[in-house]
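Spelled out from the first residue to the last, the chains are:
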Amino acid sequence: MRRFCNRFLPALLLFALAFPPSPTAAQAPDTATGSDGMVVAAEPFAAEAGLEILKQGGNAVDAAVAVGFALAVTYPQAGNLGGGGFMLIRMADGRAALVDYREAAPGAAHRDMYLDAEGNLVPQASTVGWRAVGVPGAVAGLTLAQEKFGALPLKKVMAPAIRLAEKGFPVSERLAQELRDAAPLLSQFPESRRIFLRNGRYYEPGETFRQKDLARTLKKIAKRGARAFYQGSIAKRFAREMKRHHGLITRADLRRYQARVRQPLLGHFRGYEILGAPPPSSGGVAVLEMLNILDPLLPPDAEPLAPQTIHLMTETMRRAFADRARFLGDADFASVPVRGLLDLGYARALRASIDPARASASEQLSLPDPPGYEARSGNRAVLAPRRESANTTHFSVVDGTGNAVATSITINSFFGNGVTLPGLGFLLNNEMDDFTAKPGAPNALFDLVQSQANKIEPGKRPLSSMSPTIVIRNGEVILALGSPGGPRIINAVLLVLLNRLAFGRPLAEAVALPRYHHQWMPDTLFLEKNLFSQEQLDALAARGHALRERESIGAVNAIERDPATGRLTGVSDARRRGVARGF
Ligand code: GLY
């Protein structure tokens, strides 16, 4: 039941009148309503795979796992067996879990592996080809989530993905275009050139894309579970190809890999409980830290796009991203002061450092240490910058009983490291670039500077920005959301949360409103292009912000549930043309 949200047009019209010119603000998200189940994902075939499983009696976790495997077939740009991610689960009976299936550094990885003899970053070493890969976690994570929380057999849940790979699906305009755009990367690797570029006969929109090798791989997983991938014939072939191409991942690395079930982070904001992803994602810490700072800082009558609101939000983003850079990494390896960063007294101290009239200078930002932080851990970052791209995808699922899943999955940049494993049919990630390859230097893809807490170590998971988030009120799920977009994920999720929970905008409008992003370094306030008026830009510049317009920020896929009626509203951001499907 796809439906354009009627409430949404008048609100956008008002917005456009209040803040002209905003030509693309009116790009309506895809929306749907229902009461038995809702899936919001990057593309329609995967979303429909989720619905199919819900209709067969699967719960939200079964459906999310079906979507995850289907995206591995239909959205090779990001959703992939060769990647990793985080799945946040909140069951209607109150159980909550975060399945961490982030990739891990191989055993032979070491701190300086992307530096040359002079200590300089080797261009593309951490982004392209066989040595940029972290041990993939997607298969372990999806199957673990399904085993622990699903209701149907894995074979049934994977059936739609296998069918899509075997019988194929019509190539969309977007996929055809993005495959062409990726030709410079994919054509470097013969198997990727064969499968995704058909050796130069590019796929046209409407042509059927069949993936026989991937179908075989998926069938093995459906039959034997994660063991097929990490120990069986897939692992054997994976490791053999790695060795042949001087990659680092061995059979032992694959055998050792485990998805982990972690306790989600819990924060509070104006009567809502907010669940987020703990390290090795920075997403939950950053979103909750910012909500703590903003709760008393934003006046009740604040307008979401008033320059003063943007100023206060930007100063909050600056501080949370400085903390991300200073302290965050895989907490299984580094001392990460999560409790201190989420301490309300610490939020008060950061709030007090914000000048309501002037932008701080990131270079000179001097923040206190969070409570409990042990300076001896040596994590501290040299405060400096980093850039972003990223191809992550986020999907949300809520079923008719109120079980909810928010999950983000990534191979890092578009089409990952460009390598398809011969005979296995899936692309590999370049997630190793999310580590601190050189402290104080921006990483290749995101311009983020990070600390020793995120240095490369064997078995460690690189720091992520993925921010799957679930909101609860009176014990029931009311929102599930997340976004792709590297570090911009964090601020896209924050803005949508505030638009909905603090500014009271309907979900479709909350998702569509113009976005902005500050990540401490570079000391720049990025604003979505052509969506802010000259008056707004002048008012922000007058407060001392360095402004830069850019293309879209994030792409939020969200579901709202009305606990009184059980009605579900799915909203998929027009920024990446995702879809909402419900029944
Ligand atoms: N690879 C992007 C992220 O995890 O933040």
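Bear in mind the structure is a predicted one, so any value in this text is a computation, not a measurement.

Enquirer: Got a minute to help me understand the overall build of the chain in this structure?
Expert: The helix and strand tally for the chain stands at 19 helices and 19 strands. Since a compact globule built from 583 residues should have a radius of gyration of about 25 Å, the 22 Å found for the chain is in line with a globular shape. Considering only C-alpha atoms, the chain reaches an extent of 60 × 60 × 45 Å along its principal axes. The contacts of the chain with a sequence gap of at least 6 include a subset with a gap of at least 24, amounting to 73%. For the chain, the accessible surface area stands at approximately 20100 Å², while carbon and sulfur atoms represent 50% of it. Computed over 70 positive and 55 negative side-chain charges, the inter-centroid distance for the chain is 7 Å.

Enquirer: Looking at this model, I keep getting lost on the pattern of salt bridges. Mind explaining?
Expert: Close approach of charged atoms allows side chains of opposite charge to pair. Overall, the coordinates contain 35 salt bridges when judged by the stated rule. R102 is paired through a salt bridge with E103; the nearest N and O atoms lie 4.0 Å apart. Exposure class is identical for R102 and E103. Each is buried. Two residues, R515 and D573, come together in a salt bridge whose shortest N-O distance is 2.7 Å. In this pair, R515 sits in the loop between α18 (507-512) and β14 (516-517) while D573 sits in the loop between β18 (568-572) and β19 (579-582), placing the two residues 58 residues apart along the sequence. Accessibility assignment for this pair places R515 and D573 in one class, buried. Salt bridges sharing common partners tie together D100, R260, R262, D332 and R461.

Enquirer: What is the right way to look at the sheet that holds strand β17 (residues 557-561) in this model?
Expert: Pairing within the open sheet is antiparallel, and its seven strands lie in the order β1-β18-β17-β13-β12-β9-β8. The sheet terminates laterally at β1 (30-34) and β8 (265-269), the two strands that pair on one side only. On average, each strand axis in the sheet is inclined to that of its neighbour by 20 degrees, with strand direction left out of account. Here strand β12 (residues 469-473) runs beside strand β13 (residues 476-481); their pairing, made up of five bridges, is antiparallel. Following the sheet pairing, R473 is matched in β13 by E476.

Enquirer: Looking at this structure, how should I read the site of the ligand?
Expert: Residues in close proximity to the ligand total nine residues, the closest being N412, E431, D434, S464 and S465. At a separation of 2.7 Å, an oxygen atom of the ligand approaches a polar side-chain atom of S464. Surface burial for the ligand is 99%, taken as the share of its 200 Å² of free accessible area covered by protein chains. Of the residues belonging to the shell around the ligand, the class tally is two nonpolar, four polar and three charged.

Enquirer: Can you walk me through the packing of helix α14 (residues 307-327) against helix α17 (residues 488-501) in this structure?
Expert: Describing two packed helices takes the angle between their axes plus the distance from one axis to the other. At a closest axis distance of 12 Å, the pairing of α14 and α17 adopts a crossing angle of 140 degrees. When the axis of α14 is compared with that of α17, the two are oblique. Between α14 and α17 the crossing geometry is right-handed. Contact residues: M313, M317, F321 and R324 in α14; I490, N491, L494, L495 and L498 in α17. For the contact of α14 with α17, the residue count by class is seven nonpolar, one polar and one charged.

Enquirer: When you look at the side chain of R351 in this model, what are you seeing that I'm missing?
Expert: The topology assignment puts R351 in helix α16 (residues 344-352). Discounting chain neighbours no more than four positions away, the residues touching R351 are N292, I293, P296 and L297.

Enquirer: Can you help me understand the nonpolar core in this one?
Expert: A general tendency of soluble globular proteins is for nonpolar side chains to be buried together. Of all hydrophobic cores here, the largest spans 93 residues; its most connected members are F69, L81, M87, L218 and F238. The leading source of residues in this core is helix α3 (residues 60-74), at twelve residues. Among residues more than four places away in sequence, those in contact with M87 are A64, V65, A97, L98, V99, Y101, L142, A145, V405, A406 and T407. Grouped together as the second largest cluster of nonpolar side chains are 92 residues, A302, I478, W520 and L540 included.

Enquirer: Would you explain the sheet that holds β19 in this entry?
Expert: In a beta sheet, neighbouring strands are held together by backbone hydrogen bonds and run either parallel or antiparallel to one another. Across the sheet, seven strands lie side by side as β7-β4-β3-β11-β10-β2-β19; this open sheet has antiparallel pairing. Edge positions in the sheet fall to β7 (260-262) and β19, since each of these pairs with one other strand and no more. For this sheet the average axis-to-axis angle between neighbouring strands, irrespective of direction, equals 15 degrees. As paired elements, strand β3 (residues 84-90) and strand β4 (residues 96-101) share six bridges and run antiparallel to each other. When the sheet's bridge partners are listed, R90 is paired in β4 with A96. Those strands touched by helix α2 (residues 44-55) are β2 (37-41), β10 (392-399) and β19, and its axis lies near 160 degrees from that of β2. Running at roughly 155 degrees to β4, helix α4 (residues 138-149) makes contact with β3, β4, β7 and β11 (404-410) of the sheet.

Enquirer: Just checking my understanding: could you explain the packing of aromatic side chains for this structure?
Expert: The geometry of an aromatic ring pair is captured by two quantities: the separation of the ring centres and the angle between the planes. Under the criterion given, the structure shown has 13 aromatic pairs. On the basis of an interplanar angle of 55 degrees and a centroid distance of 5.7 Å, the ring pair of F45 and F169 is categorised as tilted. Taken together, the residues F45 in helix α2 and F169 in strand β5 (residues 169-170) connect sequence positions 124 residues apart. Measuring from ring centre to ring centre gives 5.5 Å for F229 and F426, while their planes differ by 35 degrees; the resulting arrangement is tilted. Here F229, found in helix α10 (residues 226-230), pairs with F426, found in the loop between β11 and β12; they are 197 residues apart in sequence, far enough to count as distant. An aromatic cluster of at least three residues, connected via ring pairs, comprises F45, F169, F196, Y203, F209, F414 and F415. Looking at R198, its charged tip hangs above the ring of Y203, at a distance of 4.0 Å from the centre. Directly above the ring of Y272 sits R473, whose terminal nitrogen or CZ lies 4.3 Å from the centroid.

Enquirer: Can you help me understand unusual backbone geometry in this one?
Expert: Note on backbone geometry: most residues besides glycine have negative phi, and most peptide bonds are trans. A cis amide bond links P279 with the next residue in sequence, P280, at an omega value of 15 degrees. One can find P280 in the loop between β9 (272-276) and α13 (283-297). Residues M521 and P522 are joined by a peptide bond in cis, for which omega reads -5 degrees. One can find P522 in the loop between β14 and β15 (525-528). Residue N412 is not a glycine yet carries a positive backbone phi of 85 degrees.

Enquirer: What is the right way to look at the packing of α14 against helix α19 (residues 534-542) in this model?
Expert: Relative to each other, α14 and α19 sit at 45 degrees, their axes nearing to 9 Å. The angle between α14 and α19 places the two elements in the oblique class. α19 is crossed by α14, and the crossing has right-handed handedness. Side by side, α14 and α19 meet where P307, I310 and H311 of the first sit next to Q536, A539 and L540 of the second. Its residues assigned to classes, the contact of α14 with α19 shows four nonpolar, two polar and no charged.

Here is what the cut-offs are and how they apply
- Residues numbered from 1 in each chain as written.
- Predicted model: local features only at pLDDT ≥ 70, side-chain atom pairs only at ≥ 80, totals over all residues.
- Heavy atoms only, no water.
- Helix = DSSP H or I, 4+ residues; strand = E, 2+ residues; numbered from the N terminus.
- Rg over C-alpha atoms; globule rule 2.2 N^0.38 Å.
- Contact = heavy atoms within 4.5 Å.
- Areas by Shrake-Rupley, 256 points an atom, 1.4 Å probe, with all protein chains shown as cover.
- Lys, Arg positive; Asp, Glu negative; His and termini not counted.
- Charge placed at Lys NZ, Arg CZ, Asp CG, Glu CD.
- Salt bridge = Lys/Arg side-chain N within 4 Å of Asp/Glu carboxyl O.
- Buried < 20%, exposed > 50% of the residue type's maximum accessible area, 1.4 Å probe, protein only.
- Pairing = 2+ DSSP bridges.
- Axes fitted to C-alpha atoms, helices over the stretch in contact; angles between N-to-C directions.
- Near = heavy atom within 4 Å.
- Polar contact = N/O pair within 3.5 Å; in protein donor to acceptor, adjacent residues only side chain to side chain.
- Nonpolar A, V, L, I, M, F, W, Y, C, P; charged D, E, K, R; others polar.
- Parallel < 35°, antiparallel > 145°, perpendicular 65-115°, else oblique.
- Left-handed = near helix turned anticlockwise from the far one by under 90°.
- Core = buried A, V, L, I, M, F, W, Y, C linked by side-chain atoms within 4.5 Å.
- Phe/Tyr/Trp six-rings, centres within 6.5 Å; stacked < 30°, edge-to-face > 60°.
- Lys NZ or Arg CZ within 6 Å of the ring centre and 35° of its normal.

Nothing here speaks to function; it is geometry throughout.
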